[in-house]
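# Coordinate analysis (summary)
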Amino acid sequence: MPRRERRAQLMEAALEVFATQGYHAAAMDDIADRAGVSKPVLYQHFPGKLDLYLALLDTSCDTIIDNCRQALASTTDNKLRVQATMKAFFDYVTSDTGAFRLVFESDLTSEPAVREHVDRVTTECATMIAEVIREDTGLPDEASRLLAVSLVGMSQVSARFWLRENGVSSGAIPLSDAAALVSGLAWRGIRGYPKTEDN
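Residues numbered from 1 in each chain as written. Predicted model: local features only at pLDDT ≥ 70, side-chain atom pairs only at ≥ 80, totals over all residues. Heavy atoms only, no water.

## As for the packing of helix α5 (residues 78-93) against helix α7 (residues 112-137)
One way to put it is that α5 packs onto α7 with a least axis distance of 12 Å and a crossing angle of 170°. Put simply, α5 runs roughly antiparallel to α7. On α7, the residues touching N78, R81, T85 and F89 of α5 are C125, I129, V132 and D136. Its residues assigned to classes, the contact of α5 with α7 shows four nonpolar, two polar and two charged. (Axes fitted to C-alpha atoms, helices over the stretch in contact; angles between N-to-C directions. Helix = DSSP H or I, 4+ residues; strand = E, 2+ residues; numbered from the N terminus. Parallel < 35°, antiparallel > 145°, perpendicular 65-115°, else oblique. Contact = heavy atoms within 4.5 Å. Nonpolar A, V, L, I, M, F, W, Y, C, P; charged D, E, K, R; others polar.)

## Remarks on the environment of A113
Note on placement: A113 falls in helix α7. Residues A113 and R4, spaced 109 residues apart in sequence, show a C-alpha to C-alpha distance of 24 Å.

## Focus: the packing of aromatic side chains
Within this structure, the stated rule accounts for five aromatic pairs. Pairing F18 with Y23 gives two aromatic rings, centres 5.9 Å apart and planes at 15°, and the pair type is stacked. F18 gets classed as buried once you look at its relative accessible area, which sits at 3%. Among the aromatic residues, those joined into a ring-pair cluster are F18, Y23 and Y53. (Phe/Tyr/Trp six-rings, centres within 6.5 Å; stacked < 30°, edge-to-face > 60°. Buried < 20%, exposed > 50% of the residue type's maximum accessible area, 1.4 Å probe, protein only.)

## A look at the nonpolar core
Most often, soluble globular proteins keep nonpolar side chains buried together rather than apart. One finds F18, L52 and L57 to be the most contacted residues of the largest nonpolar core, which totals 61 residues. Of all the secondary-structure elements, those providing two or more residues to this core are α1 (3-25), α2 (28-35), α4 (49-73), α5, α6 (100-104), α7, α8 (141-165) and α9 (175-190). For this core, the element with the most residues is α4, which contributes 11 residues. Split by domain, the residues of this core number at least three in each of domain 1 (1-47) and domain 2 (53-192). (Core = buried A, V, L, I, M, F, W, Y, C linked by side-chain atoms within 4.5 Å. Domains from an automatic or database assignment.)

## Focus: the domain arrangement of the chain
By domain assignment, the chain separates into domain 1 (1-47) and domain 2 (53-192). The straight-line distance from the C-alpha centre of domain 1 to that of domain 2 is 28 Å. A combined buried area of about 930 Å² lies between domain 1 and domain 2, and 77% of that area is made up of carbon and sulfur atoms. Run the count over domain 1 and domain 2 and you get zero salt bridges. Counting across the domain 1 and domain 2 interface gives two residue pairs in polar contact (both at pLDDT 80 or more). In terms of residue class, the side of domain 1 that touches domain 2 is built from seven nonpolar, two polar and one charged. (Buried area = accessible area lost by both parts, 1.4 Å probe. Salt bridge = Lys/Arg side-chain N within 4 Å of Asp/Glu carboxyl O. Polar contact = N/O pair within 3.5 Å; in protein donor to acceptor, adjacent residues only side chain to side chain.)

## Description of the packing of α5 against α9
If you want to describe how two helices pack, look at the angle between their axes and the distance between the axes. At a minimum axis distance of 9 Å, the contact between α5 and α9 shows a crossing angle of 135°. Looking at the two axes, α5 sits oblique to α9. For the pair α5 and α9, the crossing hand works out as right-handed. Facing α5, whose interface residues are N78, K79, V82, Q83, M86, K87, F90 and D91, α9 presents L175, A178, A179, V182, S183, A186, W187 and I190. A breakdown of the residues in the contact of α5 with α9 according to their chemical character gives 10 nonpolar, three polar and three charged. (Left-handed = near helix turned anticlockwise from the far one by under 90°.)

Written out as structure tokens, the structure reads:
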């Protein structure tokens, strides 16, 4: 198998193991078994478990940041932007891969390199959102950034809460309804900072 394809295969197997077991409980043996390769083959691509975890985390962070960027660029209507961005977080959290657990529920946040990756999601998403807020409202950079960070936090925490509760209760809220509820709350709050009454 070409090196690039093998690496992708190993990362897919590792994601399954890390997402279900967490970093500390996962073993390189488990990942090699899941990928159907020997442990030496795994070590040819990744020198250690942390290197593999960070490679996965980097890809996972890039995905949610790119999703946020696409949602913001999908329209110039700010109400629809809020809806699209909220849906991006809900869709990411409910993805079958479980990659969100590496970003939002990592059991290795005490490791500086992991913390840096995880913080990058909030920082980069909030920076993009703050730019839209600042342009639309005329608020100072610091205020725009605080509002943006609040929106990112609302998005990921509510999406994770919904995922955890969904299916447990007989009155579970469908995904689209859940994303609409939270985006409605976010829009009612953020639209209170317009530059003009028309915005």
